[in-house]
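Report on the structure
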Amino acid sequence: MLNLPQQNRTDIQALRGFAVLIVLLYHAKISFVSAGYLGVDIFFVISGFLITRLIKNGVESGNFRFSDFYFRRAKRLLPAAYVTFLATALLAPFFLTSTEMADFQAQIIGAVTFTANIVLWRQSGYFEGTAELKPLLHVWSLAIEEQYYFLLPAVLVFIPRRFWLRTAMIALFASLILCFVMLQRKPAATFYLLPTRGWELTIGSIGAIVVVGARLHKLLNIVFWPALVGVLVLPFIKLETDHPGVSALLICLATLVLILRKHPILSKGSGMHGLSRIGDISYSLYLVHWPLFAFLNNVWIAETGGEQPTGTRVALIPLSFVLAYLLNRYVEVPLRRTDNRWNIRVLARTVTASIGLILITAGIAHSVSSTKDYGYVRRINHGFGVACEFTE
């Protein structure tokens, strides 16, 4: 997920903090956060807004360069991500079966090439492994954002400015219509792929392109409070079984209203500043939390075949915060602030690190074997308990 420039808006950071917090609580299976996955939709709108504003300012000032833009994205996203991926790869053999390790290798390749959403979509079939057991399941959203970032600069650079808003509106409705049509036919593809999720980022892009005049500002004043209530309430009410659906559309529009309104209530008070501090580490928290829950899911299924006690899951929440703080403090922020500039040497190092990560994962998968027969533990259940099995 996108990191912000140095001049951060407290209200946006608070929104980021709220979004990552409800995702974390949802993954911890806290019962009252029944739709915490909507935090990802909030992130998509924020990311679309921020990245479009960044490119827009560069294009309008005449100093936008593709190489600088992509290098800054890599410098802000890759170090923390690669440290997380490496740590996950080192731990994976102790928790995953041989089949899951094969899937994990594909997920690593997808993660370093920003095609993880496609990899995970292809691993979502009926005979594939359970999603909750995949340690890199969460990077699908990062892949979608990076694919969007890859296309967006070309659109804003090569299309005249007077057509920006019109182009964005066309892209929004095309993606939204495709999403709702495909949701009934191929829900997995709809969930994972950019063409059917791009409308969420495009809503943010429209917010960065549109000019907030007197009439729009008046409208924002009217809809601000309903939008705020929507953002605060929707994650706790599950409106439908398929996602992204109506609830995703509502929370995306509500998030855009909050961003454009810039209401002081979202920038003042200890509560907002607390959420803003969480927003500061939201990228690292996003990276580290899910592998912990995935490994726990693997261990618990292997040991008991049942669901973990609430206390066990809740204990991973503070651990996630500790690891996120360390990752942000000692990896993400220091490397983001370095004075390194794009050149062939830096590119070569990045490619080498990516290939090295893939090779390390492959080597671990082929050299380490589990002593526990997870295949037997997870054998097919024909619907009968042991006492009900008929034997002659």
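Rules used in this analysis
Residues numbered from 1 in each chain as written. Predicted model: local features only at pLDDT ≥ 70, side-chain atom pairs only at ≥ 80, totals over all residues. Heavy atoms only, no water. Helix = DSSP H or I, 4+ residues; strand = E, 2+ residues; numbered from the N terminus. Buried < 20%, exposed > 50% of the residue type's maximum accessible area, 1.4 Å probe, protein only. Phe/Tyr/Trp six-rings, centres within 6.5 Å; stacked < 30°, edge-to-face > 60°. Lys NZ or Arg CZ within 6 Å of the ring centre and 35° of its normal. Axes fitted to C-alpha atoms, helices over the stretch in contact; angles between N-to-C directions. Parallel < 35°, antiparallel > 145°, perpendicular 65-115°, else oblique. Left-handed = near helix turned anticlockwise from the far one by under 90°. Contact = heavy atoms within 4.5 Å. Salt bridge = Lys/Arg side-chain N within 4 Å of Asp/Glu carboxyl O. Nonpolar A, V, L, I, M, F, W, Y, C, P; charged D, E, K, R; others polar. Polar contact = N/O pair within 3.5 Å; in protein donor to acceptor, adjacent residues only side chain to side chain. pLDDT = per-residue confidence, 0-100. Expected span 1.5 Å × (residues − 1). Patch = residues over 30% accessible without salt bridge, like charges linked within 9 Å, V, L, I, M, F, W, Y side chains within 5 Å. Areas by Shrake-Rupley, 256 points an atom, 1.4 Å probe, with all protein chains shown as cover.

Quick look at unusual backbone geometry now. Note that the residue after His-243, namely Pro-244, is joined by a cis bond; omega there is 5°. By the secondary structure assignment, Pro-244 is in the loop between α10 (214-233) and α11 (246-261). Residue Phe-114 is not a glycine yet carries a positive backbone phi of 55°. Relative to the helices and strands, Phe-114 is located in the loop between α4 (98-113) and α5 (116-122). One non-glycine residue, Lys-262, lies in the positive phi region at around 55°. Here Lys-262 is to be found in the loop between α11 and α12 (270-280). A relative accessible area of 51% places Lys-262 in the exposed class.

Evaluation of the coordinates by the stated rule reveals 16 aromatic pairs. Ring geometry for Phe-64 and Phe-66: centres 5.3 Å apart, planes at 75°, overall edge-to-face. The exposure class of Phe-66 is partly exposed, given its relative accessible area of 29%. Of the aromatic side chains, those joined through ring pairs into one cluster are Phe-64, Phe-66, Phe-69, Tyr-70, Phe-150 and Phe-158. Across the ring face of Tyr-330, the terminal group of Arg-329 is positioned such that the distance to the ring centre comes to 5.0 Å.

Okay, the packing of α10 against α11 next. When two helices pack together, their arrangement is given by the angle between their axes and by how far apart the axes lie. At a minimum axis distance of 8 Å, the contact between α10 and α11 shows a crossing angle of 130°. With respect to their mutual orientation, α10 and α11 come out oblique. Taken as a pair, α10 and α11 cross one another with a handedness that is left-handed. Facing α10, whose interface residues are His-217, Leu-220, Asn-221, Val-223, Phe-224, Ala-227, Leu-228 and Val-231, α11 presents Ile-251, Ala-254, Thr-255, Val-257, Leu-258, Leu-260 and Arg-261.

Right, let's get into the pattern of salt bridges. For the structure shown, the criterion picks out eight salt bridges. Two residues, Glu-60 and Lys-56, come together in a salt bridge whose shortest N-O distance is 3.5 Å. Of the two residues, Glu-60 and Lys-56 both sit in helix α2 (residues 38-61), four residues apart, roughly one turn of that helix. Taking the relative accessible area as the measure of exposure, Lys-56 reaches 16% and is therefore buried. The salt bridge involving Glu-200 is made with Arg-197; its shortest N-O contact spans 2.6 Å. Taken together, the residues Glu-200 and Arg-197, both in helix α9 (residues 194-209) and three residues apart, mark about one turn of the helix.

The next thing to look at is the packing of α2 against α11. Their axes nearest at 9 Å, the elements α2 and α11 cross at an angle of 45°. For the element pair α2 / α11, the angle class is oblique. α2 and α11 meet at a crossing whose hand is right-handed. Where α2 approaches α11, its residues Leu-38, Asp-41, Ile-42, Val-45, Ile-46 and Phe-49 are matched on the opposing element by Ser-247, Ala-248, Ile-251, Cys-252, Thr-255, Leu-256, Ile-259 and Leu-260. For the contact of α2 with α11, a count of residues per class yields 11 nonpolar, two polar and one charged.

Further remarks concern the side chain of Gln-147. Inspection of the secondary structure assignment puts Gln-147 in helix α6 (residues 139-158). Taking relative accessible area as the criterion, Gln-147 reaches 18% and is therefore assigned buried. A distance of 2.9 Å separates the side chain of Gln-147 from the backbone oxygen of Phe-114, its partner in a polar contact. Excluding its chain neighbours within four sequence positions, the residues that come into contact with Gln-147 are Phe-114, Thr-115, Asn-117 and Leu-194.

This next bit is on the confidence of the model for the protein. Counting all residues, the mean pLDDT for the protein is 87, and 89% of those residues have values of 70 or more. Mean pLDDT across the elements of the protein ranges from a minimum in helix α16 (residues 374-377), with 48, to a maximum in α9, with 97. The low-confidence segment residues 2-6, where pLDDT is below 50, has 19 contacts with residues more than four positions distant or belonging to other chains. In this model residues 370-392 is a low-confidence stretch, pLDDT under 50, and it forms 17 contacts with partners more than four residues away in sequence or in other chains.

Taking 1.5 Å per residue, 16 residues should reach 22 Å; α4 reaches 23 Å between its end C-alpha atoms and fits that length. Burial in α4 covers these residues: Glu-100, Met-101, Asp-103, Phe-104, Gln-105, Gln-107, Ile-108, Gly-110, Ala-111 and Val-112. Directly beyond the C-terminal end of α4, a positive phi value near 55° is found at Phe-114.

Further remarks concern a nonpolar patch on the surface. A cluster of nonpolar residues, Phe-32, Phe-180, Val-229, Leu-232, Val-233, Phe-236, Ile-237, Leu-239, Val-246 and Leu-250, forms a patch on the protein surface that exposes about 840 Å² of accessible area. Of all the secondary structure elements, the ones that give two or more residues to the nonpolar patch are α10 and α11. Considering each element in turn, the nonpolar patch owes the most residues, three residues, to α10. Note on placement: Phe-180 falls in helix α7 (residues 164-182). Given the relative accessible area of 31%, Phe-180 is considered partly exposed.

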